[in-house]
Amino acid sequence: MAEHPPTQFLYRAARSFGVYYGPPRSDEVAEFKRSEQELRVMKYSATGQHLAWASTENVTITSAENYQTLAVIPETKVVALEFSPKGTYLMTYERFVKTAEGQVHRNLKIYRSADGSFLGSFTQKNMSDWHLQWPQDESCCAQLLNGTINFYRPTENMGNSPPDMKLSLEGLKSFSISPGLSPAVAVFIPERKGAPAAVRMYSLGSFTHVLANKSFYKAEKVEFIWHNLGTSLLVLTHTEVDNTGKSYYGETNLYYMTTAGNFDCRVPLNKEGPIHDVAWNPVEKEFVVVYGFIPSKASLFDSRANEVFSFGIEPRNTVRFNPQGRVLAIAGFGNLSGRVDIWDYKNRKMIKSVDAHGSSLCSWSPCGRYLMTATLSPRLRVDNGFKIYHYSGKLVHSREINELYGVEWRPAPASLYPQKTKLDPLPANISIVVENTKAKKDTPVSSKPVGVYRPPHARNSPIPDSSKPKSLAQRNNETENTRRSVTTTPQRYVPGAPPPKQKAPKAPKEGGNAKEKKETLKEPNSQRGQQSRSPKLGSGTPGGSPSNKSSVGGNESGLDNGGKTGGKNEAVKKFLNLQKKLKQIQVLQKRQEAGEELNEAQLLKIQSKALILKQIDELKQ
């Protein structure tokens with residue numbers, strides 16, 4: 001790594017900003033001179049040659065090679081910046097405001113990056129996808145306005161003069177220009193009057209011939225995901241409402257298209273639920289999809305949208321390839337645990353799992369060997385900072401920065417950092433800086449036992465038995481005793497009055513009902529039964545009188561029937577328990593076939609399947 005140029009990354013916080021060298025170094029870039037201005041946005045160009053930022057005073061453009069100032073633009077209301085693909089032009093955006101009659105607020109402006117010269121301006125009301133779109137060669141830029149895509153060449157006074165080209169389609173809602181040497185324009189037309197939605201592809205500059213067309217339903221908006229070569233496109237569709245009622249966030253689908261028009265399909269996803277993330281391999285024509293209700297499934301698909309590998313079912317919603325397409329990170333951020341699984345993509349083997357709890361950003365360095373995660377404001381206002389991991393799972397750089405708003409690697413061509421067949425180990429000369437990773441002091445636990453809450457005026461008096469804490473077993477016993485006891489009508493107690501006198505129980509009347517007579521005669525009958533079973537009366541015969549024989553025989557038969565019934569219940573319980581274990585083993589086998597790694601206990605459970613089947617057969621016989 002020593003012969004390659006060092007990587008860099010910037011950070012922007014509420015009260016500070018700066019640029020650090022990436023691993024194996026960890027120091028700040030000395031050439032970068034910081035001011036005390038509060039920045040609204042910082043942005044590298046796609047080639048990594050320029051860096052621009054906007055403050056409340058101006059917009060500054062610098063060279064990312066030596067961080068010398070190239071231009072200062074006196075614009076005070078800029079809230080967003082974006083460069084053209086080669087970094088030749090800089091676009092700035094201000095929030096749209098209504099002006100006096102006859103005036104139009106041109107809030108999107110274009111400048112030349114080399115000297116800050118003004119080229120033109122446009123009106124853009126919506127901040128979503130505000131910037132103009134460019135092909136890779138920067139021959140023109142495009143803006144969607146009222147169902148028409150206007151194309152302008154980058155010349156002076158652009159935006160005020162008529163467009164050089166137009167593409168008008170009824171109902172056109174969004175579009176995207178592909179990367180690559182032969183750019184194509186993909187457009188989306190939503191459903192209208194019962195007709196399905198459609199995505200169409202045109203060659204840039206030739207809008208009379210459709211390269212490819214795909215129609216589908218259940219699409220209110222789409223996201224275009226191009227491969228780096230610009231020959232393949234994934235279309236992620238969204239609806240605001242899921243008519244089936246299974247998802248609160250609407251319904252999503254994924255479609256595959258090619259600019260050649262010889263193949264298109266809906267990507268088959270075999271787990272129900274939303275699509276969380278999609279990523280192309282930057283080198284090969286393969287892509288990974290994370291989909292399904294949490295825990296979600298991550299699958300790899302080839303150029304014909306066939307599933308070729310499964311990364312298992314885990315709580316994850318993010319996938320990132322490194323620039324060389326050699327290493328893959330699959331993570332669960334947001335309301336998930338923050339676990340990041342780092343995979344050796346070539347060998348289909350997981351290298352390491354790291355904990356990035358609370359992170360909201362995940363990106364690979366241009367060299368493809370280090371993964372950065374960050375916890376940013378305003379999503380989380382505590383524990384803000386960034387962490388950088390080597391793909392072996394080693395934490396090499398960590399800093400806590402209050403109110404951190406953004407971090408970004410300086411782009412660089414992946415060809416400068418080739419990766420060998422075997423993954424590189426951690427460099428021996430690496431500078432490891434890990435700040436504020438000490439475990440927090442445990443909160444002192446009081447040795448005083450915790451009891452039932454008592455109001456302040458009763459805290460010094462002795463605790464009554466009813467207020468003392470009780471275990472669950474004691475409460476269950478009390479509940480059981482209460483159920484068994486005979487409930488009586490509660491007497492009314494008047495506060496402040498003496499307790500009422502307890503009434504003596506009434507004696508049963510002579511002419512009572514049959515139930516009372518039965519209770520009265522119960523004791524003498526039992527005593528007579530004991531006398532009839534005495535050895536004095538049964539001395540002549542071994543079994544006593546015939547009546548005694550029948551009563552004893554009846555008791556024995558009753559015990560025998562009870563034993564048989566209890567044996568049947570035990571067999572049924574054992575059978576149901578074995579059936580439950582068999583179902584669990586079948587679920588584990590399906591997970592194992594899907595490529596998921598099982599632990600030792602789960603593997604032992606699968607091995608016991610033959611024994612369980614044998615026990616089930618014995619019970620059936």
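So, a few notes on the structure that sits alongside this text. These numbers come from a predicted model, not from an experiment. Think of each chain on its own: its residues are numbered from 1, step by step along the sequence as written. Reporting in this predicted model follows two pLDDT cut-offs: at least 70 for local features of residues, and 80 or more for side-chain atom pairs to be given and counted; totals over whole chains, interfaces and linings ignore these cut-offs and use all residues. Only hydrogens and water are set aside when side-chain values are computed; all heavy atoms of the structure are taken into account.

Regarding the overall build of the chain
Thinking step 1. A run of H or I in DSSP becomes a helix once it reaches four residues, and a run of E becomes a strand once it reaches two; helices and strands are each numbered from the N terminus. Helices and strands together make up the secondary structure of the chain, namely five helices and 35 strands.
Thinking step 2. Out of the 621 residues belonging to the chain, those deemed buried represent 39%.
Thinking step 3. The contacts of the chain with a sequence gap of at least 6 include a subset with a gap of at least 24, amounting to 42%.
Thinking step 4. Each accessible area is a Shrake-Rupley result for a 1.4 Å probe, and residues are judged covered by the shown protein chains and nothing else. If you sum the accessible surface of the chain, you get close to 37300 Å²; carbon and sulfur atoms cover 51% of it. Throughout this description, buried means an accessible area under 20% of the type-specific maximum (1.4 Å probe, protein chains only), exposed means over 50%, and partly exposed covers the range between. Any two residues whose heavy atoms approach within 4.5 Å at even a single point are treated as in contact.

So, the environment of glycine 18
Thinking step 1. With respect to the element layout, glycine 18 can be found in strand 2 (residues 17–21).
Thinking step 2. Taking the relative accessible area as the measure of exposure, glycine 18 reaches 0% and is therefore buried.
Thinking step 3. It is 9.8 Å that separates the C-alpha atoms of glycine 18 and valine 407, two residues lying 389 residues apart in sequence.
Thinking step 4. The contact partners of glycine 18, leaving out residues within four places of it in the chain, are Phe9, Leu10, Tyr11, Glu28, Phe32 and Arg34.

Focus on the side chain of asparagine 150
Thinking step 1. With respect to the helices and strands, the residue asparagine 150 is situated in strand 12 (residues 148–152).
Thinking step 2. What makes asparagine 150 buried here is its relative accessible area of 7%.
Thinking step 3. Those residues within four positions of asparagine 150 in sequence are excluded, and the remaining contacts are Cys141, Ala142, Gln143, Leu145, Pro163, Met165 and Lys166.

Here we look at the pattern of salt bridges
Any two side chains of opposite charge can pair if their charged atoms end up close together.
Thinking step 1. By definition here, a salt bridge exists when the distance from a side-chain nitrogen of Lys or Arg to a carboxyl oxygen of Asp or Glu is within 4 Å. This structure, assessed with the given rule, holds 18 salt bridges.
Thinking step 2. Salt-bridge contacts for lysine 297 lead to glutamate 307; the nearest nitrogen and oxygen are separated by 3.4 Å. A residue pair is termed long-range when its members are at least 10 positions apart, and lysine 297 in strand 24 (residues 296–301) and glutamate 307 in strand 25 (residues 307–314) qualify at 10 residues.
Thinking step 3. Its salt-bridge partner being glutamate 314, residue arginine 339 comes within 3.6 Å of it at the nearest N-O pair. Taken together, the positions of arginine 339 in strand 28 (residues 339–344) and glutamate 314 in strand 25 put the pair 25 residues apart, joining distant regions of the chain.
Thinking step 4. For glutamate 314, a relative accessible area of 21% puts it in the partly exposed group.

So, a nonpolar patch on the surface
Thinking step 1. On the surface, Leu426, Ile432 and Val434 cluster together to form a nonpolar patch covering roughly 200 Å² of accessible area.
Thinking step 2. Along the chain, the position of isoleucine 432 falls in the loop between strand 34 (404–409) and strand 35 (433–434). A patch consists of residues exposed above 30% relative accessible area that lack any salt bridge, with like charges linked at up to 9 Å and nonpolar side chains (Val, Leu, Ile, Met, Phe, Trp, Tyr) linked at up to 5 Å.

Some details on the environment of asparagine 213
Thinking step 1. Relative to the helices and strands, asparagine 213 is located in strand 17 (residues 206–216).
Thinking step 2. Judged by relative accessible area, asparagine 213 falls into the partly exposed class, the value being 38%.
Thinking step 3. The spacing of asparagine 213 and alanine 198 is 15 residues in sequence and 7.0 Å in space, taken between C-alpha atoms.

Looking at the pairing of strand 20 (residues 252–258)
Thinking step 1. Counted residue by residue, strand 20 has seven buried out of seven residues, so it is predominantly covered.
Thinking step 2. Here strand 20 shows two buried faces, one formed by Thr252, Leu254, Tyr256 and Thr258 and the other by Asn253, Tyr255 and Met257.
Thinking step 3. Relative to strand 21 (residues 264–266), strand 20 runs antiparallel, the two sharing three bridges. Bridge pairing in strand 21 places methionine 257 opposite aspartate 264.
Thinking step 4. Here strand 20 hands over to strand 21 after five residues, with glycine 261 in that stretch at a positive phi of 80°. Here, any two strands with at least 2 DSSP bridges between them count as paired.

Some remarks on the pairing of strand 4 (residues 50–55)
Thinking step 1. Taken across its six residues, strand 4 has six buried, putting it largely inside the fold.
Thinking step 2. Burial of the side chains of strand 4 extends over both faces: His50, Ala52 and Ala54 are buried on one face and Leu51, Trp53 and Ser55 on the other.
Thinking step 3. One ladder, built from five bridges, connects strand 3 (residues 39–44) with strand 4; its direction is antiparallel. The partner of leucine 39 across the bridge, within strand 4, is serine 55.
Thinking step 4. Hairpin connection of strand 3 to strand 4: five residues between the antiparallel strands, including glycine 48 at a positive phi of 80°.
Thinking step 5. The turn joining strand 4 and strand 5 (residues 59–63), which pair antiparallel and follow one another in sequence, is formed by three residues.

So, the sheet that holds strand 20
Thinking step 1. Spatially, four strands are ordered 18-19-20-21 in an open sheet, and the strand pairing comes out antiparallel. At either end of the open sheet lies a strand with only one pairing partner, and these are strand 18 (221–226) and strand 21. Shown here is a sheet whose adjacent strand axes are inclined to one another by a mean of 20°, direction ignored.
Thinking step 2. As defined by bridge partners, strand 18 adjoins strand 19 (residues 232–238) across six bridges and the pair is classed as antiparallel. Fitted lines through C-alpha atoms give the axes, limited to the stretch in contact for helices. The angle between two N-to-C directions lies from 0 to 180 degrees.

Some remarks on the environment of glutamate 400
Thinking step 1. Along the chain, the position of glutamate 400 falls in strand 33 (residues 395–400).
Thinking step 2. Measuring from C-alpha to C-alpha, the distance between glutamate 400 and threonine 375 comes to 9.3 Å, with 25 residues separating the pair along the chain.

Description of the nonpolar core
Thinking step 1. By size, the foremost hydrophobic cluster in this structure holds 18 residues, and its most contacted members are Phe9, Met372, Phe386, Ile388, Leu404 and Val407.
Thinking step 2. For this core, the elements supplying multiple residues, two or more each, are strand 1 (8–13), strand 31 (370–375), strand 32 (385–390) and strand 34.
Thinking step 3. In contact with valine 407, other than residues within four places in its own chain, are Leu10, Tyr11, Leu361, Met372, Ala374 and Phe386. Put simply, a nonpolar core is a bunch of buried Ala, Val, Leu, Ile, Met, Phe, Trp, Tyr and Cys residues held in one set by side-chain atoms that sit within 4.5 Å of each other.

Overview of the sheet that holds strand 22 (residues 275–280)
Thinking step 1. Taken in spatial order, the four strands make up an open sheet running 22-23-24-25, and their pairing is antiparallel. Two strands lie at the open edges of the sheet, namely strand 22 and strand 25, each paired on one side alone. With direction set aside, neighbouring strand axes in the sheet form an average angle of 15°.
Thinking step 2. Examined bridge by bridge, strand 22 and strand 23 (residues 287–291) share five bridges and lie antiparallel to one another. Paired with aspartate 277 across the two strands is valine 290, which belongs to strand 23.

Some points on the packing of aromatic side chains
Thinking step 1. The criterion for an aromatic pair is that two Phe, Tyr or Trp rings (for Trp, the six-membered ring) have centres within 6.5 Å, with stacked assigned to planes under 30 degrees apart, edge-to-face to planes over 60 apart and tilted to the rest. Scanning the entire structure with this criterion turns up 25 aromatic pairs.
Thinking step 2. Where tyrosine 256 meets tryptophan 280, the ring centres are 6.1 Å apart and the plane angle is 50°; that geometry is what we call tilted. With tyrosine 256 in strand 20 and tryptophan 280 in strand 22, the pair connects residues that are 24 residues apart, well separated along the chain. The same class applies to tyrosine 256 as to tryptophan 280, namely buried.
Thinking step 3. Measuring from centroid to centroid gives 5.4 Å for phenylalanine 287 and phenylalanine 301, while their planes differ by 15°, and the two rings are stacked. In this pair, phenylalanine 287 sits in strand 23 while phenylalanine 301 sits in strand 24, placing the two residues 14 residues apart along the sequence. Take phenylalanine 287 and phenylalanine 301: they sit in the same class, and that class is buried.
Thinking step 4. Ring pairing ties together the aromatic residues Phe9, Tyr11, Tyr20, Phe386 and Trp409, which thus form one cluster.
Thinking step 5. A ring is scored as having a charge over it whenever the NZ atom of a lysine or the CZ atom of an arginine sits within 6 Å of its centre and within 35 degrees of its normal. Here the basic side chain of arginine 25 rests over the ring of tyrosine 21, its NZ or CZ set 3.7 Å away from the ring centre.
Thinking step 6. The ring centre of phenylalanine 263 lies 4.4 Å from the NZ or CZ of arginine 304, which sits over that ring.

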